[in-house]
Amino acid sequence: MKVWRTLLVAASLLAAPITLAYAQSTAPVKAKNVVLVHGAWADGSSWSEVIPILQAAGLHVTAVQNPLTSLSESVEATERALAEQDGPTVLVAHSWGGTVISQVGTDPKVTGLVYIAARAPDSNEDFVALSKQFPTGPVRAGIVERDGFTKLSGDAFLKYFANGVTPEKAKELYAVQWPTAASIFAGRTTDAAWHAKPSWYAVSKNDDTINPDLQRFLAKRMHATTVELDAGHLSLVSRPKEVANLILQAAGYGQS
């Protein structure tokens, strides 16, 4: 009987997104606003599947059009969006955008940080060196650089960056892919807001862009409330309900 009970518990865990044991010890502050920051090779439309769910829950949502020209200019764009918010705000980032919210998240308005398959550097950390401690994703071979800016080749974008997304949606996202300065990946933050602010993390288990074990390391390091999703790098597109639920939890709304 004890063995069967153990097997049943294991089966139930495999059947649903996994919430790991890094949960916050106190209840989240009820937020009024959510500011979304996209990552490299994308624009604000990458949040289009998540935004309606958050709005339906009553949250005021702003998607930053991250310029991806430098860390400082991306931080400034997010700070401008944050300055427009009235009251407690949750900052959310995908991919490279996690670098931005780690810097900006020290703002007093920010009540929580949510990382979606995202970088989460420590202050002045060489994140490139940290990343090299984990296997490189196949997407890297498809990076094409021209005049200091990078894009992903069509093959790399559709196969590896957007794996798990429907072919039609993946092609649409490829069409709006935003050029990303090659220099931003080596940019270092001067702050790491996750040391002081409660954090949440959605690991993409099938990620071919940021190694899933690197994501797990980052989530554990920041003691984030963590879920694991059966998704590629663009979980915000392929698994929007689960991503929105994590954001709602961080905003003190529970799950939709």
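My aim in this report is to walk through the structure given alongside it, one point at a time. The structure presented is a predicted model; accordingly, all values stated were derived computationally and were not measured.

Thresholds applied
Residues numbered from 1 in each chain as written. Predicted model: local features only at pLDDT ≥ 70, side-chain atom pairs only at ≥ 80, totals over all residues. Heavy atoms only, no water. Helix = DSSP H or I, 4+ residues; strand = E, 2+ residues; numbered from the N terminus. Buried < 20%, exposed > 50% of the residue type's maximum accessible area, 1.4 Å probe, protein only. Contact = heavy atoms within 4.5 Å. Phe/Tyr/Trp six-rings, centres within 6.5 Å; stacked < 30°, edge-to-face > 60°. Core = buried A, V, L, I, M, F, W, Y, C linked by side-chain atoms within 4.5 Å. Salt bridge = Lys/Arg side-chain N within 4 Å of Asp/Glu carboxyl O. Arc of directions from axis to C-beta.

Here we take up the overall build of the protein. Looking only at helices and strands, the protein has ten helices and ten strands in total. Counting across all 256 residues of the protein, residues that qualify as buried make up 50%. Contacts in the protein between residues far apart in sequence, at least 24 positions, make up 72% of those at least 6 positions apart.

All told, the structure shown has six aromatic pairs when counted by the stated rule. A centroid spacing of 6.1 Å and a plane angle of 10° characterise the contact between tyrosine 115 and tyrosine 201, whose relative ring orientation is stacked. On the criterion of sequence distance, the pair formed by tyrosine 115 in strand β5 (residues 110-116) and tyrosine 201 in strand β9 (residues 199-204) is long-range, its members being 86 residues apart. Classification of tyrosine 115 as buried rests on a relative accessible area of 0%. Measuring from ring centre to ring centre gives 5.0 Å for phenylalanine 157 and phenylalanine 161, while their planes differ by 45°; the resulting arrangement is tilted.

Judged by nonpolar contacts, the single largest core of 76 residues is most densely connected at Leu36, Leu54, Val92, Val114, Tyr115 and Ile247. It is helix α10 (residues 240-250) that provides the largest number of residues to this core, a total of six residues.

Going through the model one piece at a time under the given rule, you end up with ten salt bridges. For glutamate 125, the salt bridge is made with arginine 221, and the minimal N-O distance between the two is 2.8 Å. With glutamate 125 in the loop between β5 and α5 (127-131) and arginine 221 in helix α8 (residues 212-221), the pair connects residues that are 96 residues apart, well separated along the chain. In this structure glutamate 125 comes out as buried when scored by relative accessible area, which is 16%. In this structure, arginine 188 engages aspartate 126 in a salt bridge whose closest nitrogen and oxygen atoms are separated by 3.5 Å. Placement of the pair is arginine 188 in the loop between β8 (180-181) and β9 and aspartate 126 in the loop between β5 and α5, with a sequence separation of 62 residues. On the basis of relative accessibility, which here comes to 40%, the residue arginine 188 falls in the partly exposed class. Each of Glu49, Lys169 and Glu172 takes part in a single network of salt bridges with overlapping partners.

An α-helical segment advances 3.6 residues per turn. Residues three or four places apart therefore align on the same side. Restricting attention to buried positions, one finds in helix α6 (residues 154-161) the residues Ala156, Phe157 and Phe161. With its buried residues spanning 100° around the axis, α6 presents them on a single face. Buried-residue contacts for α6 involve β7 (149-152) and α7 (167-175).

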